[in-house]
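Close look at the chain arrangement
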Amino acid sequence: MVENAKRSRGLVIAGAIGAVLAVIGIVFWMMQLSGGMVQTGMRNLDSWGLYITMFMFFVGLSAGGLIISSIPNAFGMEGFGGISKVAIWTSICCTVAAIGFVVVDLGQPVRLWELFAYSNLGSPLMWDIIVLAVYLILSIVYLVFYMRYEQGKTSHAAIRVISVIALVCAVLVHSVTAWIFGLQQGHEFWYTALLGPWFVSSALVCGTALVMALCIGLRAAGYLALDQAYIVKMAKMLAAFIAVDLYFFGCDLLTSAFPGGSGAEVVDMLVSGPLAPFFWFEVIGCVIALVVCVVPALRRNGLLVGASVLAILGILCKRVQLLVGGFQIPNIPFANVEGPYAITFGGNGVDAAYGQLVYAPAPIEWVVTLGVLGLAVALLCFGLAYLNLKPASSAQA
Amino acid sequence: MTHYGMAIDLKRCVACHGCTLACKSANNLPDGVRYNNVLTDGGQYMDTARGTYPNDLYRKYYPVSCQHCENPACVKVCPVGATYKDPETGVVRQDSDKCIGCRMCISACPYTGVRSFNWEEPKYSLDFPVGDYDAPQHVKHTVEKCRFCYQRLAKGQTPACMEVCGAMARHWGDLDDPDSEISQLIATREWEQLLPEMGTKPSVYYLI
Ligand code: SF4
Ligand code: SF4
């Protein structure tokens, strides 16, 4: 019991640190709103930045938890040793962070209500807002039902139905987020039918990696007991997802490069251009993670956590490539009168502005981002400390 | 139905940037905001040439603002309908009181740089408003772009850039009326459009 108290004290302290960061983030967000978004690194020709990158990334992270916990329930398979509740909670926290990132990116957040008053149902952004809201509510309902189920208050059939709905919704959330980018014919790099499935596969990679790392960590800290077999099962799943994700990447690169037209420019930008560090980190990191997950001798806890971190960072690098890459190749690359709002690194001619990364975040964006991350950490830790998220009995699905 | 369009004669344009300035003053645009840009299809900087002397050196300019697409990518993606197509005139309009500043339209528009965001509280070099008394409002953290001077059209006038073009490179009119000057020009002159492969069906033609 004493040990238990100490453990949750650790969680509460971590949560409190997160909350402090969140407050600092809010202060800086207010500064961004009052002083103007000119303080960020974003400009007209690279009009989205770190916030939307993180939005994509967190939507992806949130999937894994929900999918890991709902697949076994939905298909009546053997689960992952009672980690369902932790997994669902993780995805709720990630969804909140994702929504937070969209909100801090908006120029006029006080006009948010218009989304409901004047909704243009043809806009992919509108679809995403609807699906995200449904997804968040559904995850919470799922968690509540799961807790009631463990107390014997709900039938297994009910859990199964909710799991299936949650699963469909999780896949939808990723596809729709992909369509925000993938339906824009103006950006060569984004405009591909593969983007939807590819977002789902990347989401599975980083989501599974997050849950696996979290489980190993929580087990080491004594928060929950989990048989190594479940971890191995997760590692194998992670390996499969990474393989699919890399396969999609390969397909996309080949389709872009083969005709040799403007698609080849995209491939150059990734492989040897300004985005190369992010590209190679992703590819090499994911391959290493894959190897660790498939070679039995390497499936040691430390290495598995390392593999998870590599996979998560790899997917983050991919989000950076996607976002910045979309703005890195202008459709009309003609020289213009420049001005303070044109492009992040202007003033030295067209090739100079586009020869480097077109965008880099400004300090205020880092702080606000840290704030949103803090919010997610606070939610996660307080939830783990105060909600009854531990496995009910030793090996229940 | 009216479908306003513009034809710009690239053989006549001398890149004086008069249209850009006429637009800035008629619409009372804040510092750093331009709806119209005269782009140099040449070297690295404005007014630099492409090619090598004496072989194939040339200078070419494209005055570019919103193309008032018949199939506008920006209108489709705006979640609140703050950018919308006027059914009477085909003009793609912008509602600064509605825009939530998500910048979805900026990334959806294939024409690099025609949309601009007010990244801070609009600043003006003069301390009194200029241009049309009913020029559009400029609101911090919202997106703006050329509206074909909608306030002027409503009064039966033509866009400000038309009025000032000293080289008389700009032509304006109803594309739906086969007898209009612009329809005649498009029927008789050779022309090109920007990024036709995007499927946006721009209403701006470049006579070449
Ligand atoms: S040029 Fe761009 S902003 Fe103008 S109507 Fe077409 S898509 Fe919209
Ligand atoms: S920035 Fe404004 S005009 Fe553009 S899509 Fe968003 S709400 Fe619509």
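Quantities reported herein were computed from a predicted structural model and do not represent experimental measurements.

On to the overall build of chain B. On a plain count of helices and strands, chain B comes out with six helices and ten strands. The C-alpha radius of gyration computed for chain B amounts to 17 Å, which stays within 12% of the reference 17 Å derived for 208 residues, consistent with globular compactness. Its C-alpha atoms put chain B at 50 × 40 × 30 Å along the principal axes. Here the contacts in chain B between residues at least 6 apart in sequence split such that 60% fall between residues at least 24 apart. Of the side-chain charges in chain B, 22 are positive and 25 negative, and the distance between the mean point of each set is 5 Å.

Residue and element names in this part refer to chain B. The alternating pattern of strand S3 (residues 61-64) places Tyr-61 and Pro-63 and Tyr-62 and Val-64 on opposite faces, both of which are buried. Examined bridge by bridge, strand S2 (residues 37-40) and S3 share four bridges and lie antiparallel to one another. Following the sheet pairing, Leu-39 is matched in S3 by Tyr-62.

Let's shift gears to a nonpolar patch on the surface. All names here are of chain A. Taken together, the side chains of Val-287, Val-291, Val-294 and Val-295 present a nonpolar region at the surface, about 260 Å² in accessible area. For Val-295, the location among the structural elements is in the loop between helix H10 (276-294) and helix H11 (301-328). The class for Val-295 is partly exposed, based on a relative accessible area of 31%.

In a regular helix each residue adds 1.5 Å, so 19 residues correspond to 27 Å; H10 of chain A covers 27 Å between its end C-alpha atoms and thus fits that length. Of all the positions in H10 of chain A, only Ala-276, Phe-279, Glu-282, Val-283, Gly-285, Cys-286, Ala-289, Val-292 and Cys-293 of chain A are classed as buried.

With that settled, the discussion passes to empty space enclosed by the protein. With the rule as written, the count across this model stands at five cavities of 30 Å³ or more. Around the largest cavity, the lining comprises 21 residues; the ones closest to its centre are His-187 and Phe-327 of chain A together with Ile-106, Cys-109 and Thr-112 of chain B. Going through the elements one at a time, H11 of chain A together with helix H3 (104-108) of chain B are the ones with two or more residues in the lining of the largest cavity. For the lining of the largest cavity, the class distribution of residues is ten nonpolar, nine polar and two charged.

A few words on the nonpolar core. All names here are of chain A. Ranked by internal contacts, the top residues of the largest apolar core, which has 186 residues, are Trp-48, Phe-58, Ile-83, Phe-101, Phe-181 and Met-234. Of the residues forming this core, the biggest block, 16 residues, is contributed by helix H7 (residues 195-220). If we skip the residues at most four places from it in the chain, Met-234 touches Ile-68, Phe-80, Ile-83, Thr-208, Val-211, Met-212, Cys-215 and Leu-226.

This next bit is on the packing of helix H2 (residues 50-75) of chain A against helix H5 (residues 124-150) of chain A. Residues and elements named next belong to chain A. Orientation of H2 relative to H5, taken along the N-to-C sense of each, is 40°, at an axis distance of 12 Å. The angle between the axes of H2 and H5 places the two elements in the oblique class. For the pair H2 and H5, the sense of crossing is left-handed. Across the interface between the two elements, Phe-55, Val-59, Ser-62, Ala-63, Leu-66, Ser-69, Ser-70 and Asn-73 of H2 pack against Asp-128, Leu-132, Tyr-135, Ser-139, Tyr-142 and Tyr-146 of H5. For the contact of H2 with H5, a count of residues per class yields eight nonpolar, five polar and one charged.

On to unusual backbone geometry, then. Residues and elements named next belong to chain B. Look at the link from Tyr-53 to Pro-54: it is a cis peptide, with omega at 0°. Looking at the element boundaries, Pro-54 is found in the loop between S2 and S3. Its identity is not glycine, yet Arg-103 carries a phi of approximately 65°, on the positive side. Note that Arg-103 resides in the loop between strand S5 (92-94) and H3.

With that settled, the discussion passes to the pattern of salt bridges. Residues and elements named next belong to chain B. For the structure shown, the criterion picks out ten salt bridges over all chains. Here Glu-144 and Arg-147 are joined by a salt bridge, their closest N and O atoms 3.5 Å apart. Across the pair, Arg-147 and Glu-144 agree in class, each one buried. Between Glu-163 and Arg-152 there is a salt bridge; the shortest N-O distance is 3.4 Å. Of this pair, Glu-163 sits in helix H5 (residues 160-164) while Arg-152 sits in helix H4 (residues 150-153), and the two are eleven residues apart along the sequence. On the basis of relative accessible area, Glu-163 is assigned to the exposed category, the value being 53%.

Bringing the packing of aromatic side chains into the picture now. As enumerated under the stated definition, the model contains 22 aromatic pairs over all chains in all. Between Trp-191 of chain B and Tyr-205 of chain B, the aromatic rings sit 4.9 Å apart at their centres with planes inclined by 90°, giving edge-to-face as the arrangement. Within this pair, whereas Trp-191 of chain B is found in strand S9 (residues 191-192), its partner Tyr-205 of chain B is found in strand S10 (residues 204-207), the two being separated by 14 residues in sequence. Residue Trp-191 of chain B is classed as partly exposed on the basis of its relative accessible area, which comes to 37%. Residue classification places Tyr-205 of chain B among the buried residues on the basis of a relative accessible area of 15%. Through a chain of ring-to-ring contacts, the aromatic side chains of Trp-48, Phe-181, Trp-190, Phe-199 and Phe-327 of chain A assemble into a single cluster. When the ring centre of Phe-249 of chain A is taken as reference, the NZ or CZ atom of Lys-318 of chain A above it lies at 6.0 Å.

As for its placement among the helices and strands, Cys-215 of chain A is situated in helix H7. Put simply, Cys-215 of chain A and Val-367 of chain A are 152 residues apart on the chain and 29 Å apart in space, counted from C-alpha to C-alpha.

With that settled, the discussion passes to the packing of helix H3 (residues 84-105) of chain A against H7 of chain A. All names here are of chain A. Interhelical geometry of H3 versus H7 gives an angle of 125° and a closest axis separation of 11 Å. The angle between H3 and H7 falls in the class oblique. Every pair of crossing elements has a handedness; the one defined by H3 and H7 is right-handed. Contacts from Val-86, Ala-87, Thr-90 and Cys-94 of H3 reach H7 at Leu-210, Val-211, Leu-214 and Leu-218.

Time to look at a negative patch on the surface. Residues and elements named next belong to chain B. On the surface, Glu-70, Asp-176, Asp-177 and Asp-179 cluster together to form a negatively charged patch. Mapping Asp-177 onto the fold places it in the loop between strand S8 (170-174) and helix H6 (181-188). Accessibility expressed as a relative area gives 31% for Asp-177, which makes it partly exposed.

Moving on: the interface of chain A and chain B. Facing 53 residues of chain A, the contacting portion of chain B comprises 53 residues. Across the chain A/chain B interface, buried area totals approximately 4,300 Å², and carbon plus sulfur atoms make up 56% of it. The largest per-residue losses of area from chain A upon contact with chain B belong to Ile-332, Phe-334 and Tyr-341 of chain A, which jointly make up 16% of the total buried on that side. Applying the counting rule to chain A against chain B returns one salt bridge.

Okay, the sheet that holds strand S1 (residues 4-9) of chain B next. All names here are of chain B. Spatial ordering of the open sheet is given by S8-S1-S10-S9, a layout of four strands whose pairing is mixed. Because the sheet does not close on itself, it has two edges, and the strands there are S8 and S9. The sheet contact formed by S9 and S10 spans two bridges and is antiparallel. Counterpart to Glu-192 in the pairing with S10 is Tyr-206.

Conventions used here
- Residues numbered from 1 in each chain as written.
- Chains lettered and ligands numbered in written order.
- Predicted model: local features only at pLDDT ≥ 70, side-chain atom pairs only at ≥ 80, totals over all residues.
- Heavy atoms only, no water.
- Helix = DSSP H or I, 4+ residues; strand = E, 2+ residues; numbered from the N terminus.
- Rg over C-alpha atoms; globule rule 2.2 N^0.38 Å.
- Contact = heavy atoms within 4.5 Å.
- Lys, Arg positive; Asp, Glu negative; His and termini not counted.
- Charge placed at Lys NZ, Arg CZ, Asp CG, Glu CD.
- Buried < 20%, exposed > 50% of the residue type's maximum accessible area, 1.4 Å probe, protein only.
- Pairing = 2+ DSSP bridges.
- Patch = residues over 30% accessible without salt bridge, like charges linked within 9 Å, V, L, I, M, F, W, Y side chains within 5 Å.
- Areas by Shrake-Rupley, 256 points an atom, 1.4 Å probe, with all protein chains shown as cover.
- Salt bridge = Lys/Arg side-chain N within 4 Å of Asp/Glu carboxyl O.
- Expected span 1.5 Å × (residues − 1).
- 1 Å grid on protein atoms, 1.4 Å probe; cavity = no way out; pocket = protein on both sides within 12 Å on 5 of 7 lines; lining within 4 Å.
- Points joined across faces, edges and corners; volume = space filled by probe spheres on them.
- Nonpolar A, V, L, I, M, F, W, Y, C, P; charged D, E, K, R; others polar.
- Core = buried A, V, L, I, M, F, W, Y, C linked by side-chain atoms within 4.5 Å.
- Axes fitted to C-alpha atoms, helices over the stretch in contact; angles between N-to-C directions.
- Parallel < 35°, antiparallel > 145°, perpendicular 65-115°, else oblique.
- Left-handed = near helix turned anticlockwise from the far one by under 90°.
- Phe/Tyr/Trp six-rings, centres within 6.5 Å; stacked < 30°, edge-to-face > 60°.
- Lys NZ or Arg CZ within 6 Å of the ring centre and 35° of its normal.
- Buried area = accessible area lost by both parts, 1.4 Å probe.

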